[in-house]
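# Topology and contacts: notes
Listed below, chain by chain, are the residues.
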Amino acid sequence: MRREYIYVLAGLALVGIVVAASYLGPLLEVYIKGEVNVPKSLKTAEIVLVIDREEGSEKFDLGEVFIPKGSVIVKTSLESYEGDFSLAVSGVLTLESESRSYVVSMPCAIVVGEPCYRIMIVIPGYDVPMPVEEGKYRVRLDLSWRASGSGRFTARMYILRASEEGLGIRILGVKPENTDGWVTANNSTRSYAMLLNTLSTKEGRVLIYVWIFDPQNTRSGEGLIRVVELETGRAREVNVRMFREGFTWSALLEVGVEPEKGYVVEYGFDNVTLKARIGP
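Residues numbered from 1 in each chain as written. Predicted model: local features only at pLDDT ≥ 70, side-chain atom pairs only at ≥ 80, totals over all residues. Heavy atoms only, no water.

## Some points on the pairing of strand β15 (residues 272–278)
Only one face of β15 is buried, namely the one carrying Val272, Leu274, Ala276 and Ile278, since none of Thr273, Lys275 and Arg277 on the opposite face is buried. Looking at chain direction, strand β14 (residues 263–269) and β15 are connected through seven bridges and run antiparallel. Bridging from a neighbouring strand, Tyr263 pairs with Ile278 of β15. Linking β14 back to β15 in an antiparallel pair, the connection comprises two residues, with Asp270 at a positive phi of about 50 degrees. (Buried < 20%, exposed > 50% of the residue type's maximum accessible area, 1.4 Å probe, protein only. Helix = DSSP H or I, 4+ residues; strand = E, 2+ residues; numbered from the N terminus. Pairing = 2+ DSSP bridges.)

Listed below in structure tokens is the structure:
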């Protein structure tokens with residue numbers, strides 16, 4: 001009897017083990033397969049522009065780049081130079097996909113000690129953002145130059161995403177017809193200044209005229225316009241490339257405002273900030 005009792009207990013224990021073991025596996029298994037192919041939104045290319053005659057041009061194929069839907073703007077900057085030479089380089093950047101293409105003219109893109117004059121019109125993609133459809137684009141760059149002397153330089157060109165939606169800031173042209181009654185911003189000097197037509201705030205806009213005297217053409221002509229709403233601290237800002245005219249960089253801007261609100265408008269370039277308050 002005792003032996004049978006032991007067998008019964010052993011059998012129950014075995015059943016318990018089997019039942020318990022049946023719950024050790026997963027209740028649900030899901031196999032996930034995927035493919036990752038995220039288009040690159042940034043591409044770096046390096047080119048060497050060999051200038052061995054006074055005037056000339058050269059074409060470059062920079063490969064492909066993915067551009068998301070929105071607006072873009074092309075910027076150039078002179079990083080460094082050495083030697084005894086003068087140089088003015090202009091360019092044309094072409095973005096070409098299977099279904100469409102965009103062309104951006106870049107007059108006076110790189111300048112060293114050489115006068116460079118451009119047509120006084122606003123160029124989409126260079127002076128102001130240009131809307132572009134999303135897609136993969138072949139990038140081609142045509143550069144033309146006028147030069148003398150010898151030396152070397154390093155410059156940079158880049159395409160930036162620049163959405164204007166909701167900013168209410170745009171370039172109207174080179175300069176106003178007159179600035180009678182305009183307010184002069186703080187830190188303005190005889191070499192650079194920002195003037196504002198605050199009477200236009202009643203119309204929901206402010207006209208802003210910025211200029212920089214630069215006879216040696218040593219500045220880039222680029223700066224940052226920033227508009228801060230005093231009540232909320234909300235800020236809008238956008239990079240602005242001014243126009244070169246004679247010995248001066250200048251631009252006429254329009255900023256949308258609400259008449260009953262106060263704002264601080266700033267324009268910064270190099271280490272200089274011009275500032276003015278508008279509104280009540």
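## A few points about the packing of aromatic side chains
By the definition in use, this model includes four aromatic pairs. Relative to Phe269, the ring of Tyr192 has its centre 5.4 Å away and its plane inclined at 80 degrees; by these criteria the two rings are edge-to-face. Taken together, the residues Tyr192 in strand β8 (residues 192–197) and Phe269 in strand β14 connect sequence positions 77 residues apart. Each of the two residues, Tyr192 as well as Phe269, counts as buried. Ring geometry for Tyr267 versus Phe269: centroids 6.2 Å apart, planes at 40 degrees, classification tilted. (Phe/Tyr/Trp six-rings, centres within 6.5 Å; stacked < 30°, edge-to-face > 60°.)

## A word on the side chain of Asp127
Among the structural elements, Asp127 can be located in the loop between β3 (101–112) and β4 (130–132). A polar contact is formed between the side chain of Asp127 and the backbone nitrogen of Ile123, at a distance of 2.8 Å. Beyond its immediate chain neighbours, meaning those up to four positions away, Asp127 contacts Ile73, Arg118, Ile121, Val122, Ile171, Arg241 and Phe243. (Polar contact = N/O pair within 3.5 Å; in protein donor to acceptor, adjacent residues only side chain to side chain. Contact = heavy atoms within 4.5 Å.)

## Here's the deal with a nonpolar patch on the surface
On the surface, Leu28, Val30 and Ile32 cluster together to form a nonpolar patch covering roughly 390 Å² of accessible area. The topology assignment puts Ile32 in the loop between α1 (2–21) and β1 (55–67). On the basis of relative accessibility, which here comes to 76%, the residue Ile32 falls in the exposed class. (Patch = residues over 30% accessible without salt bridge, like charges linked within 9 Å, V, L, I, M, F, W, Y side chains within 5 Å. Areas by Shrake-Rupley, 256 points an atom, 1.4 Å probe, with all protein chains shown as cover. Salt bridge = Lys/Arg side-chain N within 4 Å of Asp/Glu carboxyl O.)

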